[in-house]
Amino acid sequence: MNNSTSTPANSSATATPSNFIQQIIREDLKNQKNDGRIHTRFPPEPNGYLHIGHAKSICINFGTARDFSGLCNLRFDDTNPEKEDMEYVDSIKESIRWLGFDWEDREYYASNYFDQLYDFAVELIKKDKAYVCSLSQEQAREYRGTLTQPGKNSPDRERSVDDNLDLFARMKAGEFDDGAYTLRAKIDMASPNMNMRDPVIYRIRRLHHHQTGDKWCIYPMYDYTHCISDALENITHSLCTLEFEDHRPLYDWVLDHLDGISHPQQIEFARLNINYTVMSKRKLKQLVDEKLVTGWDDPRMPTLDGMRRRGYTPASIRHFCEMVGVTKSNSVVDVGMLEHSLRDDLDKSSPRAMCVLRPLKVVIENLPEGHKEEMTLPRHPKDETMGERKIPFTRTVYIDHADFEEVPPPGFKRLIAGGEVRLRGCYVIKCEEVIKDAAGNIQELRCTYDAATLGAKPEGRKVKGVIHWVPADESIDVEVRLYDRLFSHEAPDSADGDYRDFINPQSLQVLSGCKAEPSLIDAVAEERFQFEREGYFCVDKSDSGPQRPVFNLTVGLRDTWAKQNN
RNA sequence: UGGGGUGUAGCCAAGCGGUAAGGCAACGGACUCUGACUCCGUCAUGCGUAGGUUCGAAUCCUACCACCCCAGCCA
C-alpha cells in the first residue's frame with residue numbers, strides 16, 4: 001500500500017492553519033472550560049453514502065479532536081427509520097476508516113438513548129415545557145404562521161401536565177395511530193425563529209428500526225435528540241453545518257430545561273461545494289436510480305466510494321480539506337484544487353509504468369527477428385527505494401498514435417517521418433517509413449534504432465522528444481477507462497435547466513486493447529501507477545480479474561502541450 | 001416583507017486599529033530520458049457600496065446593497 005494511504009490521520013500532528021473554530025477552542029482551553037477537555041463527534045444519518053462534503057466534516061471533527069489531544073465519537077443519528085438502513089451504517093464506517101480516521105470503541109447511535117430520551121421528555125412535560133398535541137400535519141402548518149406572521153397556539157397547548165403524561169405514555173404504548181398525536185416543546189408560537197414555534201419533538205411512526213427493531217412506535221426528532229445525545233456523550237464542541245444555525249436556540253433551550261446534563265457548544269461552519277459536480281444526496285441518488293452512472297461507487301461520483309474506486313488517496317482528500325479551510329462563508333471550491341492535492345500525493349507515491357493507450361505498431365528494421373534485450377527502468381524517477389522494473393526491447397514495439405504526426409504542429413517534439421525520438425529508458429529510433437492502408441490510415445512505422453544511444457545522448461544532434469512504448473509480443477492487453485468530470489457545466493445545480501442536462505457525454509471513455517508493460521499483469525485491486533506521460537491510474541477493484549487488470553484514470557498529468565494546442 | 005448568516009484577486013483563504021499572508025489557477029522563464037515533477041519570477045494603491053471616527057481603517061460606527069439558510073410529524 002502507498003505510504004500516503006496508510007498514514008493514520010488520527011496520529012498525524014501536522015500543524016494546521018488557524019480557523020475560527022480553533023480560535024474558539026483555544027479560548028475555551030485558556031478559560032479552563034470543560035476542564036480542558038475537547039470532545040467532538042461526527043454524526044451521520046445512515047441514510048446514504050458519504051461524499052466529499054462529509055469528508056470535510058469528518059476532517060474537521062476528527063481533526064480538531066486530534067489537534068487538541070481530544071476525542072471524536074462516531075454517532076449515527078438514526079432517529080428516522082424510514083430512510084435508514086444497516087447497509088449505510090456499514091458503508092459509512094468503512095469510508096471513515098478508509099479516510100484514515102479511527103473512533104476506537106466510541107461507536108454510538110442516537111437510538112442507544114431512546115430510553116433516556118423518553119425519560120427526558122417526561123421531565124419536560126412535568127415542568128410544563130412540553131405537551132401532547134392532536135393537530136394534524138396540515139393544521140400544524142396553518143397554526144405555525146409564516147416567516148412574517150406569528151403562529152397561533154395549539155388548542156392543546158394548555159392541556160394539564162397529568163393529561164400530557166397520560167397521553168404521552170399511551171403514545172409510547174401504541175394506543176394511537178401514526179400521526180394522531182405529537183409531543184411538542186412549549187416555547188413560543190410568535191418567535192421570529194420558526195424553529196422555536198413549539199417544535200415537534202416526538203412523532204408516532206410504526207416503523208422497524210435497524211437498531212431497536214419494533215420496540216418503539218414513537219421516535220424523537222433531530223432537534224430534540226441531537227443536543228441530548230451530545231450532552232450524554234459529554235461532547236464539548238458540536239460542530240455542524242451552517243443550516244443548523246437557526247436550530248441553535250432550540251439546541252440550547254432543550255438542554256437549559258433539563259437537569260443534570262452537560263451543555264455542549266454548537267458551532268456551525270460552511271458546507272463544502274465543488275464546481276463541476278453536485279453534492280446533494282437527492283441528486284446523487286437520482287443519478288444512481290436513473291442509471292446515469294453505474295452506482296454509488298461510480299468513479300465519476302463525488303462519493304467517497306466513488307473517489308476511492310477512481311483512485312483518490314485518503315491523504316489527498318484530507319490535504320484538500322485542509323487547503324479549503326473552515327469558515328462560515330458559502331463558497332464553491334474549484335475542482336482544480338482537489339486535483340492538485342491528488343497529483344501532489346500521487347506523484348510522490350506512485351510507481352511509474354508504461355501503457356500505450358492507442359497502439360501504433362513500430363518495427364525496428366535494424367534489429368534481428370527474435371531480438372530481445374532487457375531494459376531496466378526505475379519505478380520512480382526520484383525515489384530509488386521503489387526499485388526497478390524490467391521491460392524487454394524487441395524488434396516490434398508499440399507507441400501511441402498520438403506520438404506520431406506526419407504533419408506536425410509547430411513545437412511538436414515527438415516522432416515525425418524521417419525524424420528521431422527516444423523511447424523512454426531505451427534507444428533513440430528514427431522513422432524511416434510510414435505504412436498506410438488503402439484508406440490512408442497509418443498502419444505501422446518502419447524505424448531504425450541507434451545502438452549508441454542507450455543511456456547516452458546521440459552523437460552530433462539533439463533529440464528532444466521522449467515517448468513511452470511497450471514490446472509488442474510481451475506486453476499485456478488491458479482495458480483502460482478514461483474518466484472526465486461528470487458535468488460539463490461548472491454549476492450544474494444552478495444553471496438554467498435540469499442539472500442532468502449538463503452531464504458530460506465524454507465523462508467515460510472505455511479503451512480496450514491497450515498495451516501495458518508486462519509487470520502490470522500482477523497489479524492488484526486498488527494498486528496505483530503513473531502511466532508515464534499519461535496520468536495516474538488505479539486497478540479497478542470491482543471489474544478486474546486475476547491477471548486481468550482493468551485500469552481507471554484517476555487524474556491526468558498536467559498537460560501544457562495540450563493546453564497550448566487548444 | 002420576519003429571523004439567522006456571509007461579502008478580501010478568476011477560485012479558496014489569512015488578517016482581529018499600524019499600512020493586504022498563503023494555496024489553487026493563470027502567465028513568463030530555468031531544468032528535464034515523463035510537454036510530468038522541481039525551481040525562479042509576475043499576478044489586490046485594493047478588502048460589497050457610501051459616509052463617518054482616527055495621526056492611521058479590510059479591521060471601529062452608521063446607512064445601504066448583494067447572496068445564502070429557515071414556514072418537515074427530514075437530518
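For clarity, every value in this text was computed on a predicted model and none was experimentally measured.

**Digging into the overall build of chain A**
If you tally the helices and strands in chain A, you get 14 helices and 27 strands. For a compact globule of 566 residues, the expected C-alpha radius of gyration is about 24 Å, and chain A comes in at 31 Å, more than 25% above that figure. Overall, the C-alpha framework of chain A stretches about 100 × 50 × 40 Å when taken along its three principal axes. Here chain A, with 566 residues, has 52% of them falling under the buried criterion. For chain A, the share of sequence-separated contacts (at least 6 apart) that also reach a separation of at least 24 residues comes to 71%. With 74 positive and 92 negative side-chain charges, chain A shows a separation of 3 Å between the mean positions of the two kinds.

**Thoughts on helix α2 (residues 20-30)**
Where α2 is concerned, the buried positions are Ile21, Gln22, Ile25 and Asp28. Each buried residue of α2 lies within a common arc of 120° when the element is viewed along its axis, so the set occupies one face. Residues of α2 that are buried make contact with α3 (52-67), β8 (237-241) and β9 (265-269). Taking the backbone nitrogen of Ile21 as reference, a side-chain oxygen 2.9 Å away marks Asn19 as the first, capping residue of α2. Backbone geometry just after α2 places Gln32 at a positive phi near 60°.

**Observations concerning the packing of aromatic side chains**
For any pair of aromatic rings, the description consists of the separation of the ring centres together with the inter-plane angle of the planes. According to the stated counting rule, one finds 21 aromatic pairs in the structure shown. Ring centres of Phe529 and Phe551 lie 6.2 Å apart, and the angle between their planes is 75°; on these two criteria the pair is classed as edge-to-face. Residue Phe529 is found in strand β25 (residues 528-531), and its partner Phe551 is found in strand β27 (residues 550-556); the two are separated by 22 residues along the sequence. Relative accessible area serves as the criterion here: at 0%, Phe551 is assigned to the buried category. Where Phe531 meets Phe551, the ring centres are 5.0 Å apart and the plane angle is 70°; that geometry is what we call edge-to-face. With a gap of 20 residues between them, Phe531 in strand β25 and Phe551 in strand β27 connect regions that are remote in the sequence. Here Phe531 falls in the buried class, since its relative accessible area comes to 0%. In this structure an aromatic cluster arises from ring pairing among Phe114, Tyr118, Phe168, Tyr202, Trp216, Tyr219 and Tyr224. Across the ring face of Tyr143, the terminal group of Lys152 is positioned such that the distance to the ring centre comes to 4.7 Å.

**Here's the deal with the pattern of salt bridges**
Following the criterion strictly, the structure yields 52 salt bridges and no others. Here Asp230 makes a salt bridge to Arg75, at a shortest N to O gap of 2.6 Å. Taken together, the residues Asp230 in helix α8 (residues 222-232) and Arg75 in strand β2 (residues 71-76) connect sequence positions 155 residues apart. For Arg75, a relative accessible area of 0% corresponds to the buried category. In this structure, Lys186 and Glu158 form a salt bridge, with 3.6 Å as the shortest nitrogen-oxygen distance. Here Lys186 is found in the loop between β5 (182-185) and β6 (200-204), whereas its partner Glu158 is found in the loop between α6 (137-144) and α7 (161-173), with 28 residues between them in sequence. On the accessibility criterion, Glu158 (59% relative accessible area) is exposed.

**A few points about the pairing of strand β13 (residues 372-378)**
Burial along β13 is one-sided: the face carrying Glu373, Met375 and Leu377 is buried and the face carrying Lys372, Glu374, Thr376 and Pro378 is not. The pairing of β13 with strand β14 (residues 388-394) spans seven bridges and is antiparallel. Each residue of the ladder has a partner; that of Leu377, found in β14, is Arg389.

**Regarding the protein's contact with RNA strand B**
Taken together, 67 residues lie around RNA strand B, and Thr79, Arg352, Lys382, Arg414 and Lys563 are the ones closest in. Here, RNA strand B places atoms within 4 Å of the protein, and 64% of those atoms are sugar or phosphate. Backbone polar atom of Asp334 to a sugar or linking oxygen of RNA strand B: 3.4 Å apart, as the coordinates give it. One of the backbone nitrogen or oxygen atoms of Gly425 is found 2.9 Å away from a base oxygen of RNA strand B. When residues of the surface near RNA strand B are traced back to their parent elements, those giving at least two are α6, β6, α12 (314-324), α13 (335-349) and α14 (560-564). When residues in the surface near RNA strand B are grouped by element, the largest group, four residues, is from α13. When the residues that make up the surface near RNA strand B are grouped by side-chain class, the tally is 20 nonpolar, 23 polar and 24 charged.

**Let's talk about the sheet that holds strand β21 (residues 466-467)**
Read across the sheet, seven strands follow the order β21-β18-β19-β20-β12-β15-β22 without closing on themselves; strand pairing throughout is mixed. Of all strands in the sheet, those with a lone pairing partner are β21 and β22 (470-471), marking the two edges. Here strand β15 (residues 396-400) pairs with β22 via two bridges, running antiparallel. Bridge pairing links Tyr398 to Val470 in β22.

**Digging into the pairing of strand β12 (residues 359-364)**
Taken together, the five bridges between β12 and β15 define a ladder with antiparallel strand orientation. Its bridge partner lying in β15, Val363 is registered against Thr396. Judged from the four bridges that link them, β12 and strand β20 (residues 442-450) form a sheet pairing that is parallel. Its bridge partner being in β20, Lys361 is matched across the sheet by Glu444.

**Re the packing of helix α5 (residues 114-126) against α7**
Relative orientation of the contacting elements α5 and α7 amounts to 160°, with a least axis distance of 9 Å. By the angle between their axes, α5 is roughly antiparallel relative to α7. With respect to the hand of their crossing, α5 and α7 are arranged in right-handed fashion. Note on element contacts: α7 touches α5 through Val161, Asn164, Leu165, Phe168, Ala169 and Lys172, opposite Tyr118, Ala121, Val122, Ile125 and Lys126. A class-by-class count of the residues in the contact of α5 with α7 yields eight nonpolar, one polar and two charged.

**Digging into the sheet that holds strand β4 (residues 130-133)**
Here we have four strands laid out as an open sheet, ordered β4-β5-β6-β7, and antiparallel in their pairing. The open sheet terminates on both sides in strands that have one partner only, identified here as β4 and β7 (218-220). When the angles between neighbouring strand axes are averaged without regard to direction, this sheet yields 20°. As judged from the three bridges shared by β6 and β7, these two strands associate in the antiparallel manner.

**With respect to the environment of Met279**
Tracing the backbone shows Met279 in the loop between β9 and α10 (281-289). Here Met279 falls in the buried class, since its relative accessible area comes to 11%. Along the primary structure Met279 and Thr303 are separated by 24 residues, whereas in three dimensions their C-alpha atoms are 8.6 Å apart.

Analysis parameters
- Residues numbered from 1 in each chain as written.
- Chains lettered and ligands numbered in written order.
- Predicted model: local features only at pLDDT ≥ 70, side-chain atom pairs only at ≥ 80, totals over all residues.
- Heavy atoms only, no water.
- Helix = DSSP H or I, 4+ residues; strand = E, 2+ residues; numbered from the N terminus.
- Rg over C-alpha atoms; globule rule 2.2 N^0.38 Å.
- Buried < 20%, exposed > 50% of the residue type's maximum accessible area, 1.4 Å probe, protein only.
- Contact = heavy atoms within 4.5 Å.
- Lys, Arg positive; Asp, Glu negative; His and termini not counted.
- Charge placed at Lys NZ, Arg CZ, Asp CG, Glu CD.
- Arc of directions from axis to C-beta.
- Polar contact = N/O pair within 3.5 Å; in protein donor to acceptor, adjacent residues only side chain to side chain.
- Phe/Tyr/Trp six-rings, centres within 6.5 Å; stacked < 30°, edge-to-face > 60°.
- Lys NZ or Arg CZ within 6 Å of the ring centre and 35° of its normal.
- Salt bridge = Lys/Arg side-chain N within 4 Å of Asp/Glu carboxyl O.
- Pairing = 2+ DSSP bridges.
- Near = heavy atom within 4 Å.
- Nonpolar A, V, L, I, M, F, W, Y, C, P; charged D, E, K, R; others polar.
- Axes fitted to C-alpha atoms, helices over the stretch in contact; angles between N-to-C directions.
- Parallel < 35°, antiparallel > 145°, perpendicular 65-115°, else oblique.
- Left-handed = near helix turned anticlockwise from the far one by under 90°.

The analysis is restricted to geometry; functional conclusions fall outside its scope.
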